[in-house]
Amino acid sequence: MRQRSLIAITAALAAGALTLTACGSRGGDKGSDSGKGGTTVTIGVDAPLTGDLSALGLGIKNSADLAAKTANKKNYVKGVTFKIEARDDQAQPSAGQQNATALVADKNVLGVVGPLNSSVAESMQKVFDDAKLVEVSPANTGPSLTQGPDWRTKKVRTYKSYFRTATTDAIQGPFAAQYLYNDAKKKKVFVIDDKKTYGAGLAGTFTDEFKKLGGQIVGTEHINPDAKDFSAIATEVKKSGADVVYYGGEYPQAGPLSKQIKAAGSKIPLVGGDGIYDPTFIKLAGADSTGDLATSVGAPVESLPSAKQFVADYKAAGYKDEYAAYGGYSYDSAWAIIEAVKKVVDDNGGKLPSDARAKVTAAMQNVSFDGVTGKVSFDEFGDATNKQLTVYAVKNGAWAAEKSGTYTG
Amino acid sequence: MNELPQQLVNGLLLGSMYGLVAIGYTMVYGIVQLINFAHGEIFMTGAFGALTVYVYILPDGTSMWVALPLMLIGAVIVSVLVAVGAERFAYRPLRTAPRLAPLITAIGLSLALQQAVWAWYPEAKSARTFPQIPGGPFHIGSVTIQTGDIFLLAAAPISMAVLAYFVMKTRTGRGMQATAQDPDTAKLMGVNTDRIIVVAFALGAAFAAVGGVAYGLKYGQIDFRMGFILGLKAFTAAVLGGIGNIYGAMIGGVVLGIAETLATAYISDIPGMDKFGSQTWADVWAFVLLILVLLFRPQGLLGERVADRA
C-alpha cells in the first residue's frame with residue numbers, strides 16, 4: 001500500500017514538473033517568423049487577467065491587442081509586425097515582478113503596457129529600468145511611481161523607463177475633495193481605505209485637501225482586501241454621523257462595502273476613485289448604490305470624438321470582455337510604444353537598431369499624438385500631460401458623467 | 001446611540017457562518033484525522049450550485065420563497081457530490097498513506113476546484129450576483145437585521161439541532177461516534193467504516209452548502225475564491241472550539257466572529273491603540289485569542305483530551 005502511494009506521489013510530481021517545463025519552453029520557439037522579411041516586435045502586457053480585478057485587466061489586454069492589430073493593418077511601421085505577449089499578475093506584486101523578468105528576457109519585447117495596480121508597478125519598475133525596457137501604465141495612479149517617495153515636498157523622477165497615460169492620485173484625490181465640498185456640499189466625511197498603495201494614497205490626498213477646504217473627517221477605517229464582511233465598519237459609519245464616505249480602493253470591496261453601509265441604515269453616498277469606476281461595482285453594490293460617486297481619469301471615453309473609432313473597432317474585433325475603465329488608456333499606452341518604435345525605426349533607416357530598447361525608451365519622452373483619450377504626451381516625470389478628470393454618479397444602474405474638469409492645485 | 005448590541009449581532013451572524021463550515025472540518029477530522037483543506041471549496045461549490053438552480057433551472061422571476069428551498073437542495077446536492085467524489089477518488093486511495101499525503105492532496109484539490117469553477121462556470125471569472133430575499137431590514141430596538149441574515153439566524157440553530165439528533169439518536173450517528181473513538185474496533189463490531197466516512201464527508205458538505213447559500217444571501221455575491229479565506233477561518237473556529245467536537249465547531253465559530261467584529265469596532269478606541277484597530281488587524285486579534293485559548297486549553301473550548309493517535 002505504502003509503495004503504491006509513493007508511486008502515485010512520484011507520478012503526480014513528475015506530471016507537475018512536466019507541466020512546468022512545458023510552460024517554460026513556450027518562450028523558445030518565438031521569433032521564428034522574424035526570419036522572413038519583416039521584424040516582429042512584441043509589446044508585453046501585464047495585468048490581472050484572473051481574479052477579482054480581471055474585468056479591468058482583460059480590458060487592458062484586449063485594448064493593447066487592438067492597438068497592435070490596428071498598427072499591423074495600417075502597416076503603420078514599415079517592416080515591423082506587432083504582437084502582444086500578455087501575462088497575468090493576479091494583482092500580486094510578486095507575480096508582477098516574475099512577469100517583468102520574463103518579459104525582459106524575451107529580446108523581442110520592446111515595450112510593456114501595464115500594470116493595473118500601483119503596488120504591482122512598484123515591484124516591476126526596477127526590473128524594467130535595469131533593462132532599459134519602456135513601461136507605459138494605463139492605470140497606475142500612485143504619485144510616487146513617477147515623482148519619487150517624497151513627491152509631496154521634492155519631486156524626483158526615479159525610473160527613466162516608466163511612463164503612464166493615467167493621471168495621479170495627487171490630482172484625483174483632491175479633485176474628489178473639491179467636488180464633494182464645493183459642489184455636493186458635504187462637510188463630514190468618513191474615510192476608508194484598503195491599505196494598498198493605490199487605496200491608501202488616494203485616501204491620503206483626499207483627506208489632506210478635504211481638511212484644507214474646511215471639511216471634517218469624522219472617522220477613518222482600514223479594511224482587509226480579502227474580507228467581504230464590513231458590517232462592523234458599517235455600524236461605525238452610522239454612529240459617526242458622516243454625510244459621505246470616501247473609499248480608497250477597488251470595486252470588489254467597494255461594492256459590498258457600499259451595500260452594507262446602506263443596509264446598516266446610513267443613506268449616504270460612497271465616493272471613490274477610478275478603482276471603483278466599473279459596471280461590476282454597481283452589480284455588487286445593488287440598487288442602493290444610486291447616488292454613489294466615482295472620479296476617473298480623463299473625460300468619458302464614449303463622449304470623446306476621438307474615442308468613437310476605438311469603441312467601434314473594439315466591438316468589431318469581437319472581444320469577449322468589455323474594454324472597462326482603462327480601455328482607452330491601454331490603447332493609447334500601446335500606441336505610444338508603437339509611435340516610439342516607429343520613430344526609432346525611421347531614424348535608423350527603416351531597421352531596428354541593436355540597442356532598440358534604450359532608443360525606444362528615449363523616444364518615448366517626446367512621443368506626442370492624438371489618442372483615444374485626447375492628446376497623449378508625457379511631462380518630465382513620465383506623467384501624462386492630460387490632467388482631465390470626471391466625476392461619475394450611479395444613475396439607473398449605470399455610471400453617468402456628472403462633471404468633467406481639470407484640477408489646478 | 002449604543003452600537004454594542006448591533007456589533008454583537010454582526011459578530012454572531014459572521015460567526016454562525018464560520019460555524020456551519022467548521023462542522024465539516026471537525027466531523028471529518030474527528031473520524032479520519034484528516035484536515036480537509038478542500039472544505040472551503042466545497043462550501044463555494046454549494047453556493048454556485050444554488051446559483052445554478054436559480055439562474056439556469058428555475059424560470060425567471062420565481063419568487064424567492066419558492067426558489068430558496070430548491071436552491072438549498074441544489075446547493076446540498078452539488079456540495080455532497082463534490083465531497084463524496086473527493087473522498088472516493090482523492091482521499092480513500094491515500095487512507096493508509098502517511099498523514100502528510102492526504103493533506104497535500106487536500107490543498108491540491110482546493111486549488112483544482114477553485115480553478116475548475118473559474119474556468120468552466122459561466123461568467124465566474126469575476127464575482128456573480130446572488131439573488132436576494134426581498135423586503136426591508138427588521139429593527140429590534142437599536143439592532144438592524146437584514147432579510148438575508150434571517151436565513152442564517154434560522155439555519156444555524158436548526159442545522160445544529162438536526163445534527164445533534166442525528167449523531168446521538170440514529171444508528172448511523174452512533175456508528176460515527178464509534179468510528180471516531182476507535183475505527184478498528186468499530187469495524188470488528190460490524191460498523192461499515194467506509195460508509196461512515198462517506199456519511200461524515202456528505203454531512204459536512206451539506207452544512208457547508210447551507211453556509212454557502214447563507215453567504216450568498218448575506219453578501220449578495222459569490223466568487224470562486226470565496227471559500228479560501230472563509231475555509232481558513234472555519235478551520236480556526238473548529239480548532240478554537242475543539243476539533244472533533246461538533247458543538248465546539250459552532251461555539252468556536254461564534255466566538256471567532258464576535259472577536260473579529262469587536263476588534264474591528266473597539267480596539268482603535270483604546271488610547272494608544274488606534275494603529276492596531278481597523279479590520280486589517282482584526283484577524284491578528286482573532287489569532288491572539290486562539291493562541292490564548294490553546295495555551296490554557298490545548299484541546300480547545302469544548303474539546304476532549306485524547307491521546308495522540310499519530
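Where an unreviewed UniProt entry is consulted, chain B appears under the name Branched-chain amino acid ABC transporter permease, with the organism given as Streptomyces naganishii JCM 4654. Checking UniProt for chain B, the heading Subcellular location (unreviewed entry) contains the comment "Cell membrane".

Per an unreviewed UniProt entry, the recorded name for chain A is Branched chain amino acid ABC transporter substrate-binding protein, and the organism is Streptomyces naganishii JCM 4654. Checking UniProt for chain A, the heading Sequence similarities (unreviewed entry) contains the comment "Belongs to the leucine-binding protein family."

Asker: Help me understand the packing of helix α8 (residues 231–240) of chain A against helix α9 (residues 251–263) of chain A, please; the structure alone is not making it clear to me.
Answerer: Angle between the axes and distance between the axes are the two parameters that describe a pair of packed helices. Residues and elements named next belong to chain A. Running from N to C, α8 and α9 cross one another at 50°; their axes reach a closest spacing of 8 Å. When the interaxial angle is binned, α8 and α9 end up oblique. Note that α8 runs across α9; the crossing there is right-handed. In this structure, α8 uses Ser231, Ala234 and Val237 to contact α9, whose residues at the interface are Gln260, Ile261 and Ala263. Residue classes in the contact of α8 with α9 are distributed as four nonpolar, two polar and no charged.

Asker: Could you clarify how one ought to interpret unusual backbone geometry in this entry?
Answerer: Peptide bonds are, in most cases, trans, and in most cases residues other than glycine have a negative phi. Residue and element names in this part refer to chain A. The linkage connecting Gly114 with the following residue, Pro115, adopts the cis geometry, with an omega of -5°. With respect to the helices, strands and loops of the structure, Pro115 is situated in the loop between β3 (109–113) and α4 (118–130). With a phi angle near 50°, Asn75 is a residue other than glycine that sits in the positive phi range. Examined against the element boundaries, Asn75 turns out to sit in the loop between α2 (54–74) and β2 (80–88). One non-glycine residue, Ala324, lies in the positive phi region at around 60°. Residue position: Ala324 is located in the loop between α11 (305–317) and α12 (327–347). We classify Ala324 as buried; it has 24 C-beta atoms within 10 Å.

Asker: Teacher, can you tell me more about the environment of Ile60(A) here?
Answerer: Among the secondary structure elements, Ile60(A) is positioned in helix α2. Along the primary structure Ile60(A) and Ala86(A) are separated by 26 residues, whereas in three dimensions their C-alpha atoms are 9.8 Å apart.

Asker: Can you walk me through the domain arrangement of chain A in this structure?
Answerer: It is common to report an interface's size as the accessible area lost on association of the parts. Residue and element names in this part refer to chain A. In terms of domains, chain A is made up of domain 1 (39–167 + 303–378) and domain 2 (169–297 + 389–406). Between the C-alpha centres of domain 1 and domain 2 there is a distance of 29 Å. On the side of domain 2, 18 residues touch domain 1, which itself brings 17 residues to the contact. Taken together, the elements giving at least two residues each to the side of domain 1 that touches domain 2 come down to α2 and α4.

Asker: Which parts of the structure should I look at to understand the sheet that holds β2(A)?
Answerer: Within a beta sheet, neighbouring strands are joined by backbone hydrogen bonds and run either parallel or antiparallel to one another. All names here are of chain A. Taking strand neighbours across the sheet as the criterion, the five strands line up as β2-β1-β3-β4-β5 in an open arrangement whose pairing is parallel. Each having just a single partner strand, β2 and β5 (162–164) make up the two edges of the open sheet. Within the sheet, the average angular offset between the axes of one strand and its neighbour, ignoring direction, is 25°. In this fold α2 packs onto β1 (39–47), β2 and β3, with an angle of close to 170° to the strand it touches most, β2.

Asker: Honestly, the interface of chain A and chain B in this entry has me stumped. Any pointers?
Answerer: Between chain A and chain B, the residue contacts involve 33 residues of the former and 29 residues of the latter. Looking at the side of chain A that touches chain B, the elements that each hand over two or more residues are α1 (2–24), α2, β7 (216–222), α8, α9 and α10 (279–285) of chain A. By residue number, the principal contributor to the side of chain A that touches chain B is α8(A), which donates six residues. Split into classes, the residues belonging to the side of chain A that touches chain B amount to 12 nonpolar, 10 polar and 11 charged.

Asker: What is the right way to read the UniProt feature "domain: Leucine-binding protein" (unreviewed entry) in chain A from this model?
Answerer: Following the UniProt record, the feature "domain: Leucine-binding protein" (unreviewed entry) maps to residues 40–397 of chain A here. With 44% helix and 20% strand, the stretch residues 40–397 of chain A has end C-alpha atoms that lie 44 Å from each other.

Asker: Honestly, the packing of α8(A) against helix α1 (residues 4–32) of chain B in this entry has me stumped. Any pointers?
Answerer: Close contact between α8(A) and α1(B) brings their axes to 9 Å; oriented N to C, the two are set at 165°. Here α8(A) lies roughly antiparallel to α1(B), going by the angle between them. Crossing of α8(A) against α1(B): the hand is right-handed. Residues Ser231(A), Ala232(A) and Thr235(A) of α8(A) lie in contact with α1(B), whose contacting residues are Gln6(B), Gln7(B) and Asn10(B). By residue class, the composition of the contact of α8(A) with α1(B) is one nonpolar, five polar and no charged.

Here is what the cut-offs are and how they apply
- Residues numbered from 1 in each chain as written.
- Chains lettered and ligands numbered in written order.
- Predicted model: local features only at pLDDT ≥ 70, side-chain atom pairs only at ≥ 80, totals over all residues.
- UniProt positions renumbered as here; feature names shortened; annotations may be inferred.
- Axes fitted to C-alpha atoms, helices over the stretch in contact; angles between N-to-C directions.
- Helix = DSSP H or I, 4+ residues; strand = E, 2+ residues; numbered from the N terminus.
- Parallel < 35°, antiparallel > 145°, perpendicular 65-115°, else oblique.
- Left-handed = near helix turned anticlockwise from the far one by under 90°.
- Contact = placed C-beta atoms within 7 Å.
- Nonpolar A, V, L, I, M, F, W, Y, C, P; charged D, E, K, R; others polar.
- Buried ≥ 20, exposed ≤ 12 C-beta atoms within 10 Å, placed from the backbone.
- Domains from an automatic or database assignment.
- Pairing = 2+ DSSP bridges.

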